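One letter stands for each residue in the lines below.
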Amino acid sequence: MKISDTRIISNYTVYKKHLNRHNTLFGGQILFWLDEVMGMTIRKYSKTLFVTASIDTYQFIEPVQNNELLKIESYVTRVGNKSVEVFGEVTAYNAEERKNRLVGISFATFSIRKDIKEFSKLEDVEYETKLEKFVCESYNDRKENKVSIREFTKNYIEKFNEYYRG
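Residues numbered from 1 in each chain as written. Predicted model: local features only at pLDDT ≥ 70, side-chain atom pairs only at ≥ 80, totals over all residues. Heavy atoms only, no water.

## Focus: the packing of aromatic side chains
Let me state the cut-off plainly: Two rings belonging to Phe, Tyr or Trp (six-membered ring only in the last case) form a pair when the distance between their centres is within 6.5 Å. Interplanar angles under 30 degrees mark stacking, angles over 60 mark edge-to-face geometry, and anything in between is tilted. Put simply, DSSP H or I for four residues or longer makes a helix, DSSP E for two residues or longer makes a strand, and each gets a number counted from the N terminus. Three labels apply to residues, based on accessible area from a 1.4 Å probe with only protein chains included: buried if under 20% of the type maximum, exposed if over 50%, partly exposed otherwise in between.
Overall, the coordinates contain 12 aromatic pairs when judged by the stated rule. Measuring from ring centre to ring centre gives 5.2 Å for Phe134 and Phe152, while their planes differ by 5 degrees; the resulting arrangement is stacked. A residue pair is termed long-range when its members are at least 10 positions apart, and Phe134 in helix H2 (residues 130–137) and Phe152 in helix H4 (residues 149–165) qualify at 18 residues. By relative accessible area, which is 19% here, Phe134 ends up buried. With a relative accessible area of 1%, Phe152 lands in the buried category. Taken together, the ring pairs in this structure connect Tyr75, Phe87, Phe107, Phe134, Phe152, Tyr156, Phe160, Tyr163 and Tyr164 into an aromatic cluster.

## Here we look at the side chain of Glu73
Formally: N or O atoms closer than or at 3.5 Å make up a polar contact, with two conditions inside protein: a donor-capable atom paired with an acceptor-capable one, and, for residues adjacent in sequence, both atoms drawn from side chains.
In this structure, Glu73 sits in strand S3 (residues 69–79). A polar contact is formed between the side chain of Glu73 and the side chain of Arg7, at a distance of 2.7 Å.

## Brief notes about H4
An α-helix turns once every 3.6 residues. As a result, residues three or four positions apart point the same way. Selection rule: Helix span, expected: 1.5 Å multiplied by one less than the number of residues in the helix. Directions from the helix axis toward the C-beta atoms define the arc. By definition, residues are in contact when any of their heavy atoms lie within 4.5 Å.
Here H4 is 17 residues long and its end C-alpha atoms lie 23 Å apart, about the 24 Å a rise of 1.5 Å per residue gives. Where H4 is concerned, the buried positions are Phe152, Thr153, Tyr156 and Phe160. The buried residues of H4 all sit within an arc of 95 degrees when viewed along its axis, so they share a single face. Turned more than 90 degrees away from the buried face of H4 sit Arg150, Lys154 and Glu162, all of them exposed. Buried residues in H4 make contact with strand S2 (50–60), strand S4 (83–94), strand S5 (99–112), H2 and helix H3 (139–143).

## As for the environment of Asn11
Mapping Asn11 onto the fold places it in strand S1 (residues 8–13). In this structure, the C-alpha to C-alpha distance between Asn11 and Phe26, residues 15 residues apart in sequence, is 16 Å. Contact partners of Asn11, with chain neighbours within four places excluded, come to Leu70 and Lys71.

## Details of the sheet that holds S1
Defined as follows: In short, DSSP must find at least two bridges between two strands for them to pair. Inter-axis angles, ranging from 0 to 180 degrees, are taken between N-to-C directions of lines fitted to C-alpha atoms, where helices are fitted over the stretch in contact.
Taken in spatial order, the five strands of this open sheet run S1-S3-S4-S5-S2, and their pairing is antiparallel. Every interior strand has two partners, whereas the edge strands, S1 and S2, have only one. Each strand axis lies, on average, 25 degrees off the axis of its neighbour in the sheet, ignoring direction. Pairing of S2 with S5, which is carried by nine bridges, proceeds in the antiparallel orientation. Within the sheet, the bridge partner assigned to Tyr58 lies in S5 and is Ser106.

## So, the packing of H2 against H4
Stated precisely, the cut-off is as follows: Any angle that falls under 35 degrees is termed roughly parallel, while one over 145 is termed roughly antiparallel, one within 65 to 115 roughly perpendicular, and all others oblique. Handedness of a crossing is defined here by the sense of rotation of the near helix relative to the far one, left-handed for an anticlockwise turn of less than a right angle and right-handed for a clockwise turn. Lys, Arg, Asp and Glu make up the charged group, whereas Ala, Val, Leu, Ile, Met, Phe, Trp, Tyr, Cys and Pro make up the nonpolar group; the residues left over, Gly among them, are polar.
The contact between H2 and H4 brings their axes to 10 Å, and the two run at 165 degrees. Between H2 and H4, the crossing angle belongs to the class labelled roughly antiparallel. Note that H2 runs across H4; the crossing there is right-handed. Between H2, through Leu131, Phe134 and Val135, and H4, the contact on the second element is made entirely by Phe152, Asn155, Tyr156, Lys159, Phe160, Tyr163 and Tyr164. Its residues assigned to classes, the contact of H2 with H4 shows eight nonpolar, one polar and one charged.

Next up, the structure:
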């Protein structure tokens, strides 16, 4: 299965009700929306029922302001025997500046529900872009702590800018 077959993109408008005391998007709201989108990704990936096992990491890169448009894009990056890793990329669009910027990235693990005893073998995913390749191939280094999430994030920002801004 191609990664694009698992991809979900969802958009949100940031309103005053979503802001924290610093007048930026409340982090909990981002995580709520992120879990929702990543959950859609896993449902698109497989008919087997999964639950969110963990939001492994979320890196806040930049704050999100009132009235900005938030885009959350997620896709499957790693498949195990009973669990799946999903990557999420969060960007914000500022209409006044007419610019998109990366504001966060995340990894989450979804596990097959405990009451599901029989299920088909989970299908592996194949990356299609250099950015997807970078994310997918980082799995072992991230899990073995050969690269910190901070270092991964720094490298991802560079790759993101190369990919989208050429």
